[in-house]
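Letter by letter, the chains look like this.
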Amino acid sequence: MPFLSRHEVTVEWGDCDPAGIVYYPSYFRWIDQATHRLFHNAGATREGMSGGRWTEGIPLVAAECSFRRASQPGEKLVVESHISRFGRSSFTISHVFRDAAGEIAAEGTETRIWARKEGGASSLKSVPIPADVRRRLGG
């Protein structure tokens, strides 16, 4: 059973475009935040993953989002996130945004890799997902 993380976001005025609906980059910001909450809530962070000079981390390699209906300022959305696919070193995180009635406002996915680096960005290499991280996230 995958580990599920939930949290609420409030759509703010600054999250919206001139038409008064959520501007699409806001969803990608919320998705990124939800991924970090998922790992934190599962206790799946490791030394070397935080700070500006990380040596181990989960860089993004692909992202997409489908918008089911417009959301507006003041609306509260519940973000549900879980790992929907594990590979050797890559994994996909699924995110669902639900409104107060439980209806889906948007759905997104991210594909990330488990990676280490020993210097600059060019030293970044994918490595197997640690067994304890996989276990905590339901894999």
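Data block above holds the structure.
Our subject in this report is the structure included herewith. None of the values given here were measured: they were computed from a predicted structure.

**Section: the pattern of salt bridges**
Between side chains of opposite charge, a pair can form when the charged atoms approach closely.
And step 1. Applying the stated rule across the entire model yields nine salt bridges.
And step 2. The salt bridge involving glutamate 75 is made with arginine 69; its shortest N-O contact spans 2.2 Å.
And step 3. Ionic pairing is found between arginine 98 and glutamate 80, a salt bridge with its closest N-O pair at 3.1 Å. Remark: glutamate 80 occurs in strand β4 (residues 76-86) and arginine 98 occurs in strand β5 (residues 90-98); sequence separation between them is 18 residues.
And step 4. Connected via shared salt-bridge partners are Arg6, Glu80 and Arg98.

**Remarks on helix α1 (residues 24-41)**
And step 1. Over its 18 residues, α1 extends 26 Å from the first C-alpha to the last, a length consistent with the 26 Å expected when each residue adds 1.5 Å.
And step 2. What α1 keeps buried is the set Ser26, Tyr27, Trp30, Ile31, Ala34, Thr35, Leu38 and Phe39.
And step 3. Against β1 (5-10), β3 (60-67), β4, β5, β6 (104-113) and α2 (131-136) lie the buried residues of α1.

**Some points on the pairing of β5**
Walk down a regular strand and you will see the side chains alternate between the two sheet faces.
And step 1. Most of β5 is tucked away: eight of the nine residues are buried.
And step 2. Sheet topology note: the β4/β5 ladder contains eight bridges and is antiparallel. Opposite histidine 82, over in β5, you have serine 94 as the bridge partner.
And step 3. Counted along the chain from β4 to the antiparallel partner β5, the turn is three residues long.
And step 4. The antiparallel hairpin formed by β5 and β6 contains five residues in its connecting segment, where glycine 102 sits at a positive phi of about 90°.

**Notes on the sheet that holds β1**
And step 1. In spatial order, the strands read β1-β4-β5-β6-β3; together these five strands make up an open sheet with antiparallel pairing. Strand pairing shows two members of the sheet lacking a second neighbour, β1 and β3, which therefore form its edges. Shown here is a sheet whose adjacent strand axes are inclined to one another by a mean of 20°, direction ignored.
And step 2. Contacts from α1 reach β1, β3, β4, β5 and β6 within the one sheet, and its direction differs from that of β5 by about 115°.

Rules and cut-offs
- Residues numbered from 1 in each chain as written.
- Predicted model: local features only at pLDDT ≥ 70, side-chain atom pairs only at ≥ 80, totals over all residues.
- Heavy atoms only, no water.
- Salt bridge = Lys/Arg side-chain N within 4 Å of Asp/Glu carboxyl O.
- Helix = DSSP H or I, 4+ residues; strand = E, 2+ residues; numbered from the N terminus.
- Expected span 1.5 Å × (residues − 1).
- Buried < 20%, exposed > 50% of the residue type's maximum accessible area, 1.4 Å probe, protein only.
- Contact = heavy atoms within 4.5 Å.
- Pairing = 2+ DSSP bridges.
- Axes fitted to C-alpha atoms, helices over the stretch in contact; angles between N-to-C directions.

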